[in-house]
Amino acid sequence: MDSQNAVTASWASPITAEHVAAGARPVSRARFAGPPGATRVYYSQRIPTEASRIGIFANDSGVAEDAVSVLPAPYSAYSRVHEYGGGAWAVAADHTITFVNAADQRLYRFNPVTDPGTPPVALTPETDRAVRYGDLDYSAGRLLAVRESYDAAGTVTRAIVEVAEGTTAAEPGGAAEPDAAADPGRASAPEAVRELAAGPHFLAFPRISPDHGFLSFIGWDHPDMPWDQTKLYLVAHPGTAGASAPVAVFGRADESVLQPEWLSNTTLSVIADRSGRWQLYSLSAPAFFQVASGGFAAEPAEESELLVTEGEIGGPLWNLGTRWYLPVQGGNRILAESRFGTSQMVWTDGAGTDDVLECDLETFSLQDYRDGLALVIGGSADRITGLYLYDVTVGSAQALALSLELPVPASYLPQGHAVEIDGVHAIVYPPHNPDHPQPGAGPAAGAAAGGNAEPAAEGTAGSAAAPAPFVAFVHGGPTSQSVPQVSLHHAYFTSRGIGVVDVNYSGSTGYGRAYRDALRGHWGFADVADTVTVLQGLARQGTADADRLAISGGSAGGWTVLQALTRTDVFACGSDYYGVAELSKFITETHDFESQYIWRLIGVDPQAPDREERLAELAPLNHLADLDVPVAIFQGEQDPIVPPSQAHRLIAGLQDKGQVYVAEFYPNESHGFTRVENIADSLRSELGFYCRIMGLDAPDVPPVHLRGRGRS
């Protein structure tokens with residue numbers, strides 16, 4: 001082994017796996033409430049010290065340290081609609097909060113201002129999670145939601161519902177109504193929840209027009225996903241005896257339509273990607289409704305471009321309630337996020353005057369707006385991801401709640417920088433540790449307050465001066481996107497001399513529809529090829545050691561890991577977090593939302609007579625004979641999306657082959673680990689695995705237990 005490389009791979013680090021796990025507290029949603037002059041900010045955030053429940057916090061002053069928890073334990077605001085949830089709570093102007101409780105998926109309500117200390121009251125009865133709610137939001141003063149219901153046979157139906165104010169179905173902790181178990185689809189008390197619309201198998205973004213004349217929402221059906229093809233639906237006179245059936249009014253074949261918002265009683269704004277990028281359009285709801293209903297419209301049913309940018313205004317709808325733009329000032333202006341790799345804040349009057357505003361957050365998601373201030377969740381390569389109060393007039397962002405607690409000086413953090421290697425987008429985090437200066441390095445970085453973390457710039461003190469071991473992290477989805485960020489997770493590796501690269505392979509969002517669709521029919525091949533391209537490019541540059549490359553990914557990323565290990569000889573080892581290993585049984589065992597997702601990804605007709613042969617040929621489980629390197633497997637035993645049966649089949653195949661592997665199962669985890677002890681254990685095991693397999697001498701890493709007949 002080269003002596004310089006050996007030194008690079010032997011750094012001791014003050015960052016422990018427990019630091020990484022306990023320091024992660026992501027913020028998931030934020031809203032303003034209260035009258036003008038007495039505005040309060042509400043937001044939800046994971047609490048690592050309380051079994052990682054999702055708490056709701058309030059801030060009256062705008063000073064991060066003044067935030068108080070308002071949702072008492074053990075309640076946790078988390079929805080399981082589509083299993084990925086989203087929109088798990090909403091707050092009214094008078095501070096009344098309605099939320100979905102994680103444990104039972106019932107709706108609860110409380111007011112931390114008028115009734116402080118009073119426990120939340122259940123609005124809907126117990127159904128053993130057979131009825132779930134998500135996408136809660138107030139629209140024209142009415143609380144709307146998406147309801148997901150499972151019958152005894154497991155058949156799922158969904159509907160747009162309205163949640164009435166001031167009603168309860170049971171006392172706190174009370175029993176279900178007598179007929180709830182018999183008919184879970186109608187388990188919610190009629191006076192608490194009433195159905196407004198149904199039809200498409202999947203529903204999102206329910207919105208009521210200001211005059212209550214129309215209900216709008218987005219719908220789609222199998223085999224589409226919301227980034228493939230969706231449509232805009234309208235219901236006339238919703239919630240009345242004269243309500244119409246839902247009518248699809250906007251959306252073409254192979255077009256993703258997202259986030260309708262009312263700009264007036266009759267004008268809707270909506271996102272669509274018909275140009276090849278998600279952009280913003282406006283349309284006349286009455287005209288489109290009349291034409292789609294077969295009637296005559298008094299004005300043309302033609303959409304108009306409302307905001308067209310160089311990036312994308314939109315993204316993959318994995319979590320309900322996501323917002324990419326906000327109508328403000330009574331619908332006269334739009335504040336939007338436009339993204340191509342990173343984000344820009346765009347301000348438009350809808351009449352052709354568009355301004356890109358100053359914003360030192362490189363990526364963000366819009367949450368709410370009031371009086372020149374916007375709530376955004378975002379971050380950058382040198383600002384910790386979290387909730388920020390963004391001032392539109394001056395372009396400044398003030399931290400309200402950070403998603404990461406730094407246990408060490410920021411000088412231990414790597415500087416992530418975006419690169420493009422042979423057309424593939426990636427974020428590179430070179431090895432860095434200020435305690436181990438390398439020849440030719442400059443001064444180390446420091447830290448600042450207010451969410452600013454100033455990691456080491458590329459080539460600063462403690463950065464690797466020779467080709468380093470590298471881990472390629474491949475995101476899930478596969479329609480997700482990695483962005484430059486302050487990452488304690490990545491610092492856990494880079495501070496020990498191991499470089500990290502996040503690969504935005506073909507199929508990633510944030511670069512237009514063509515890049516997103518490039519994975520269609522090539523899942524497990526194009527993503528693998530792109531990851532190999534990036535790693536080999538880094539090796540050619542002298543950044544990465546070609547003999548010590550690893551790959552790690554979860555969910556769809558786990559599939560990419562297994563395909564890379566069985567179909568290439570580039571990697572020394574890989575880590576599979578709750579990944580897909582085979583397809584024939586997966587399509588019958590996974591949840592409804594993604595049950596038909598794979599057909600377009602792999603390019604197989606589900607009705608083809610050779611379907612099973614094709615599925616078998618594509619699965620990495622059936623190519624373990626070509627696997628010559630060890631693999632680590634990490635799996636939650638409560639995972640409904642990629643069930644543990646996938647990991648068990650993979651382990652059985654590895655044992656039959658006699659291949660070296662590591663396997664860790666976590667009884668109380670689902671799809672994506674949330675408990676501090678499990679995150680720490682899996683991370684510690686992953687690093688120990690790399691050190692053992694790639695011959696890295698890391699003094700503070702405990703040995704990992706290898707299994708399989710070929711272990712040494």
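Each chain has its residues counted from 1, running along the sequence as written. Local features in this predicted model are restricted to residues whose pLDDT is 70 or higher, and side-chain atom pairs enter the listing and the counts only when it is 80 or higher, whereas totals over whole chains, interfaces and linings include all residues. The side-chain values count all of the structure's non-hydrogen atoms but skip hydrogen atoms and water molecules.

**Some remarks on the overall build of the protein**
Here is the rule we go by: Comment: elements are numbered from the N terminus, with helices defined as DSSP H or I runs of at least four residues and strands as E runs of at least two. Here the term buried applies to any residue with accessible area under 20% of the maximum for its type, exposed to any over 50%, and partly exposed to those in between, with areas from a 1.4 Å probe on protein chains only. Contacts are assigned to residue pairs that have any heavy atoms within 4.5 Å of one another. Areas reported here follow the Shrake-Rupley algorithm with a probe of radius 1.4 Å; residue values treat only the protein chains shown as occluding. Neither His nor the chain ends contribute to the count of charged residues, in which Lys and Arg are positive and Asp and Glu negative. Note on charges: their place is set at NZ of Lys, CZ of Arg, CG of Asp or CD of Glu.
From N to C terminus, the protein includes 12 helices and 36 strands. Looking at the protein residue by residue over its 712 residues, the buried ones come to 60%. By sequence separation, contacts in the protein at least 24 residues apart represent 62% of the contacts at least 6 residues apart. When the accessible surface of the protein is totalled, it reaches about 25,300 Å², and 50% of it is carbon and sulfur. Here the protein contributes 45 positively and 84 negatively charged side chains, and the mean placements of these two sets differ by 4 Å.

**Let's talk about the layout of surface pockets**
The line we're drawing: Only protein atoms enter the 1 Å grid used here. Points where a 1.4 Å probe fits but cannot escape make up a cavity, open sets with protein on both sides within 12 Å along at least five of seven lines make up a pocket, and a residue lines them when an atom lies within 4 Å of a point. Grid points are joined across faces, edges and corners, and a volume is the space filled by probe spheres set on the points. In the scheme used here, Gly and all other residues not listed as nonpolar or charged are polar, with Ala, Val, Leu, Ile, Met, Phe, Trp, Tyr, Cys and Pro taken as nonpolar and Asp, Glu, Lys and Arg as charged.
Taken as a whole, the second largest pocket holds about 830 Å³ of empty space. Lining the second largest pocket are 33 residues; nearest its centre among them are Tyr 138, Ser 139, Arg 323, Pro 327 and Asp 368. Elements with a minimum of two residues in the lining of the second largest pocket: β1 (27-33), β5 (89-91), β9 (131-139), β13 (202-208), β17 (257-262), β21 (325-328) and β25 (363-370). Residue composition of the lining of the second largest pocket, grouped by class: 18 nonpolar, seven polar and eight charged.

**Quick word on the sheet that holds strand β26 (residues 373-379)**
To keep it simple, the criterion reads: Strand pairing is defined by DSSP finding a minimum of two bridges between the two strands. Between N-to-C directions, angles cover 0 to 180 degrees, with each direction set by a line fitted to C-alpha atoms, over the stretch in contact for helices.
With respect to topology, four strands assemble into an open sheet ordered β25-β26-β27-β28, the strand pairing being antiparallel. Where the open sheet ends on each side, the last strands, each with one partner, are β25 and β28 (396-402). Mean inter-strand twist for the sheet, computed between neighbouring axes without regard to direction, equals 30 degrees.

**Quick notes on the packing of aromatic side chains**
Here the distance between the centres and the angle between the planes together describe a pair of aromatic rings. Threshold: A pair of Phe, Tyr and Trp rings is counted when the ring centres sit within 6.5 Å of each other, with Trp represented by its six-membered ring. The angle between the planes then sorts it: under 30 degrees is stacked, over 60 is edge-to-face, the rest tilted. Definition used: whenever NZ (Lys) or CZ (Arg) falls within 6 Å of the ring centre and also within 35 degrees of the ring normal, the charge is taken to sit over that ring.
Using the criterion set out here, one finds 31 aromatic pairs in the structure. Centroid distance Phe 202 to Phe 593: 5.7 Å. Interplanar angle 80 degrees. Geometry classified as edge-to-face. Linking Phe 202 in strand β13 with Phe 593 in the loop between α8 (586-589) and α9 (598-602), this pair joins segments that are 391 residues apart in sequence. Summarising the burial analysis for this pair, Phe 202 and Phe 593 share the class buried. Their ring planes at 55 degrees and their centres at 6.0 Å tell us that Tyr 577 and Phe 673 sit as a pair that is tilted. Here Tyr 577, found in strand β34 (residues 573-577), pairs with Phe 673, found in the loop between β36 (661-666) and α12 (676-694); they are 96 residues apart in sequence, far enough to count as distant. By relative accessible area, Tyr 577 is classed as buried at 11%. Of the aromatic side chains, those joined through ring pairs into one cluster are Tyr 84, Phe 202, Trp 220, Trp 227, Trp 318, Phe 593 and Tyr 597. Over the aromatic face of Trp 278 sits the side chain of Arg 516, whose NZ or CZ is 4.1 Å from the ring centroid.

**As for helix α7 (residues 556-567)**
We apply this condition: Expected helix span is given by 1.5 Å per residue-to-residue step, counting one fewer step than there are residues.
Relative to the 16 Å expected for 12 residues at 1.5 Å per residue, α7 spans 16 Å between its end C-alpha atoms, a close match to the ideal helical length. Of all 12 residues in α7, 11 are buried, a share of seventy percent or more. Listed as buried for α7 are Ala 556, Gly 557, Gly 558, Trp 559, Thr 560, Val 561, Leu 562, Gln 563, Ala 564, Leu 565 and Thr 566.

**Quick notes on the pattern of salt bridges**
To be explicit about the condition: Should a side-chain nitrogen of Lys or Arg be within 4 Å of a carboxyl oxygen of Asp or Glu, the pair is scored as a salt bridge.
Inspection of the entire model under this criterion finds 36 salt bridges. Across the pair Arg 158 and Glu 148 runs a salt bridge whose closest N-O atoms are separated by 2.9 Å. Of this pair, Arg 158 sits in strand β11 (residues 156-163) while Glu 148 sits in strand β10 (residues 142-150), and the two are 10 residues apart along the sequence. Residue classification places Glu 148 among the buried positions, given a relative accessible area of 0%. Across the pair Arg 540 and Asp 422 runs a salt bridge, and its minimum N-O distance is 3.5 Å. One end of the pair, Arg 540, is in helix α6 (residues 526-540); the other, Asp 422, is in the loop between β29 (417-421) and β30 (424-429), with 118 residues separating them in the sequence.

**Describing the confidence of the model for the protein**
The test is simple: Scored from 0 to 100, pLDDT reflects the predictor's confidence in each residue.
Per-residue confidence for the protein gives a mean pLDDT of 91, with 91% of residues at or over 70. The model gives residues 170-190 a pLDDT under 50, and that stretch makes 36 contacts with residues more than four places away or in other chains. Low pLDDT, under 50, characterises residues 458-462; the predicted model gives this stretch 26 contacts beyond four residues in sequence or across chains.

**With respect to empty space enclosed by the protein**
The tally for this structure, following the rule as stated, stands at three cavities of 30 Å³ or more. Here the largest cavity is characterised by a volume of approximately 110 Å³. Taken together, Trp 227, Asp 228, Pro 478, Thr 479, Gly 507, Arg 516, Asp 517, Leu 519, Arg 520, Tyr 597, Arg 600 and Leu 601 make up the lining of the largest cavity. Elements supplying a minimum of two residues to the lining of the largest cavity: α5 (513-517) and α9. Residue composition of the lining of the largest cavity, by class: five nonpolar, two polar and five charged.

**Some details on unusual backbone geometry**
A cis amide bond links His 222 to the next residue, Pro 223, at an omega of 5 degrees. Its place among the elements puts Pro 223 in the loop between β14 (214-220) and β15 (231-236). Cis geometry is adopted by the peptide bond preceding Pro 478, which originates at Gly 477 and carries an omega value of 5 degrees. For Pro 478, the location among the structural elements is in the loop between β31 (468-474) and α4 (488-494). Positive phi, close to 65 degrees, is recorded for Gln 105, a residue that is not glycine. Within the secondary structure layout, Gln 105 lies in the loop between β6 (97-100) and β7 (107-110).

**Regarding the pairing of strand β32 (residues 499-504)**
The following threshold applies: Look down the strands so they point away from you; if the path from the first strand over the helix to the second goes clockwise, the crossover is right-handed.
Of all six residues making up β32, six are buried, and the element is well covered by its neighbours. In this structure, β30 lies alongside β32, joined through five bridges in antiparallel fashion. Paired with Ala 426 across the strands is Val 503, a residue of β32. Where β31 lies against β32, five bridges are found, and the strand directions are parallel. Each residue of the ladder has a partner; that of Val 471, found in β32, is Val 500. Each parallel crossover has a hand, and for β31 linked through α4 to β32 it is right-handed.

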